Amino acid sequence: MRVLATAVLTAAFLTPATAHAASPPFSSSVFKATHNSYSGNVDGAKNSVTYQLDHGVRFLEFDVHDNGYATTHDYAVGHDSPGNLVDHSGGNPASNNLRDWLAVVNTWSAQHPGAAPIVVMLDLKDDLTDNPSFAAGNLTALNEELESVFGARLLRARDYPAAQPDVDALRGRVLPLLSGDGGSRTEYKRDVGYHPAVALNGRGQVVEVHDSGAGALWYWTGTYGADGRVTWLRHGKYDSGQTPAVALNDDGDLVEVHQSPSATTLWYHVGKLGADGEITWQASHQYDNGVLPTVAFTDATHLREIHKSQSSSQNWAWNGALASTTVSWTGNAKTSNARFAKATSTSAGRTVSVWTGADGPTSAQTLRADTGQVAGDRIRYRQVAFDEFQQGDSAELQQGALFYGAPATERAFITSARQAGRLVRGWDFDSASQATTPLANYPATNRPYDAWYQNLLTQAGAVE
């Protein structure tokens, strides 16, 4: 199935020209590239983004900050801070909003469908892992912005053909690339947690909850696809606690239970799962004392909760009735019933199980999911953007990386990566003496119109 899917995908990218004449492989081609592309003539001599694209640049860098996202609902472009070293002249956007700068690239790409693929690199200057929700600008929000701006022109990392395509197969496409903050790039590829629990309803909606191991509670939501994979949609922090469990009905109502971070009090939340995967959480309420709580719906509005005593092996149970934004708990009593298997959920013939385990070089606390058709998938952000591996990065970031990056002075790293078939960026490439053999795919310069750069790229057969 994988071979067939790749073949179909690759065929969909092909233009009539490529059916008759082969173009160079994408991974071995050289392209004009600029460093800090947004800085135009404020820092370097690059002119506007549109001018750069008109003159053959096919790699653009935007430094990105998340300061003020909750207010502006967008990221900000700038070097050391939003607006720093940003050139607003020559047709560049008047604002620092990332969406406006991406729109410039999208407009140009739409007008030049035959252009070689454009890599749009977002150099994350801030840590996006501390953004607790989509509304606060986490990596899900970044995915959404890329997809909404570029639409069908966007080539998502998850859709990149396994068989390396040639340049013509990718003409007219935009490839997003994450660079910068290492923690954000790592979390984009995987998530870690403790005590994961999951709920699946008859509509194929999935909610996973876990604790951080340090007192924070986080959730993922997703949908169970026809291919047996869960596509994870939203991610966020919702409370403090440990050992959470969750139940979900077919109307998208959910009830979550957990133990307090440092005590044996038990708490619950009611939530509503929206069509977009976002959860509207209600306030938490204490309902008992104990440890290791579990919960399940017995019908559309009734629940049963079973937890362990904090002082013995005895299990205790509650019956619950969901009423709008709260649960009415009654009938508290000892029970010989086991606690619910919170890490597995089955509905409408589908099953999802969640667990933690290393995936190659990742942590043993990497969050994973099994379904009836797929085993060991990582619970993580949709892989819309590619993740750059840089010199000195962890083995996690190197695993599966297509794009590599280093300062232009790191000749050995660039040469080795190029020889291994990676797409390599060398930044601050401002002298012909920094050229390697083979040349970096993306020699990202501050002076793209100097004669030495133009001659070097022409000799390297740069593709436009």
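Residues numbered from 1 in each chain as written. Predicted model: local features only at pLDDT ≥ 70, side-chain atom pairs only at ≥ 80, totals over all residues. Heavy atoms only, no water.

What follows concerns the packing of aromatic side chains. Taken as a whole and judged by the stated rule, the model has 24 aromatic pairs. On the numbers, 5.3 Å between centres and 15° between planes, the contact of Phe31 with Tyr442 is stacked. Placement of the pair is Phe31 in the loop between helix H1 (2-13) and strand E1 (32-34) and Tyr442 in strand E27 (residues 442-445), with a sequence separation of 411 residues. Overall, the relative accessible area of 0% leaves Phe31 in the buried class. An aromatic cluster of at least three residues, connected via ring pairs, comprises Phe26, Phe31, Phe59, Tyr160, Phe386, Phe403 and Tyr442. Arg234 extends its terminal NZ or CZ atom over the ring of Phe134, reaching a point 3.6 Å from the ring centre. (Phe/Tyr/Trp six-rings, centres within 6.5 Å; stacked < 30°, edge-to-face > 60°. Helix = DSSP H or I, 4+ residues; strand = E, 2+ residues; numbered from the N terminus. Buried < 20%, exposed > 50% of the residue type's maximum accessible area, 1.4 Å probe, protein only. Lys NZ or Arg CZ within 6 Å of the ring centre and 35° of its normal.)

To continue, consider the pattern of salt bridges. If you walk through the whole model with that rule in mind, you get 17 salt bridges. Salt-bridge contacts for Glu396 lead to Arg190; the nearest nitrogen and oxygen are separated by 2.7 Å. Here the residue Glu396 occupies a position in helix H7 (residues 395-398), and Arg190 occupies one in the loop between helix H6 (182-189) and strand E6 (194-200), the gap between them amounting to 206 residues. Neither Glu396 nor Arg190 differs from the other in exposure class; each is buried. (Salt bridge = Lys/Arg side-chain N within 4 Å of Asp/Glu carboxyl O.)

Before going further, it helps to spend a moment on the sheet that holds strand E16 (residues 302-308). Sheet strands associate in pairs through backbone hydrogen bonding, adopting either a parallel or an antiparallel arrangement. Read across the sheet, four strands follow the order E15-E16-E17-E18 without closing on themselves; strand pairing throughout is antiparallel. Each of the sheet's edge strands pairs with one partner strand only, and the pair in question is strand E15 (291-297) and strand E18 (326-335). Neighbour to neighbour, the strand axes of the sheet diverge by 20° on average, direction disregarded. Pairing of E16 with strand E17 (residues 315-323), which is carried by seven bridges, proceeds in the antiparallel orientation. (Pairing = 2+ DSSP bridges. Axes fitted to C-alpha atoms, helices over the stretch in contact; angles between N-to-C directions.)

Now for the domain arrangement of the chain. Each domain of the chain was delimited in the assignment, giving domain 1 (27-187 + 383-460) and domain 2 (191-378). Just the C-alpha atoms count here: the centres of domain 1 and domain 2 sit 38 Å apart. On the side of domain 2, 13 residues touch domain 1, which itself brings ten residues to the contact. Buried surface at the junction of domain 1 and domain 2, both sides included, amounts to about 880 Å², of which 48% is carbon and sulfur. Considering only the surface of domain 1 that becomes buried against domain 2, Pro132, Glu396 and Gln399 emerge as the three largest contributors, covering 43% of it. For the interface between domain 1 and domain 2, the tally reads zero salt bridges. Joining domain 1 to domain 2, the criterion identifies three residue pairs in polar contact (both at pLDDT 80 or more). (Domains from an automatic or database assignment. Contact = heavy atoms within 4.5 Å. Buried area = accessible area lost by both parts, 1.4 Å probe. Polar contact = N/O pair within 3.5 Å; in protein donor to acceptor, adjacent residues only side chain to side chain.)

For helix H9 (residues 451-459), the complete set of buried residues consists of Tyr453, Leu456 and Leu457. Viewed end-on, H9 has its buried residues packed into an arc of 95°, placing them on one side of the element. In H9, the exposed positions that point more than 90 degrees away from the buried face belong to Ala451, Thr458 and Gln459. As for H9, its buried residues are in contact with E1 and E27. Downstream of H9 by a residue or two, Gly461 has a phi angle that is positive, lying close to 70°. (Arc of directions from axis to C-beta.)

Following the sequence through the fold, Glu187 ends up in helix H6. There is no salt bridge for the buried Glu187, and the closest opposite charge comes from Arg190, which lies 5.6 Å off by N-O distance. (Lys, Arg positive; Asp, Glu negative; His and termini not counted.)

Next up on the list: the environment of Ser260. Mapped onto the elements of the fold, Ser260 is located in the loop between strand E11 (253-259) and strand E12 (265-273). Taking relative accessible area as the criterion, Ser260 reaches 8% and is therefore assigned buried. Sequence-wise, Ser260 and Leu177 are 83 residues apart; in three dimensions their C-alpha atoms are separated by 39 Å. Residues in contact with Ser260, not counting those within four places in the same chain, are Gly241, Gln242, Thr265 and Trp267.

It is worth spelling out the confidence of the model for the chain at this point. For the chain, the mean per-residue pLDDT works out to 95, and 95% of the residues sit at or above 70. Per-residue pLDDT stays below 50 along residues 1-20; that stretch engages in 20 contacts with residues further than four places along the chain or on separate chains. (pLDDT = per-residue confidence, 0-100.)

In this section: the environment of Ala300. For Ala300, the location among the structural elements is in the loop between E15 and E16. For Ala300, a relative accessible area of 44% puts it in the partly exposed group.

We now examine the environment of Ser416. As for its position among the elements, Ser416 is in helix H8 (residues 411-419). A relative accessible area of 45% means that Ser416 is categorised as partly exposed. Between the alpha carbons of Ser416 and Thr437 there is a distance of 9.8 Å; along the sequence they are 21 residues apart.

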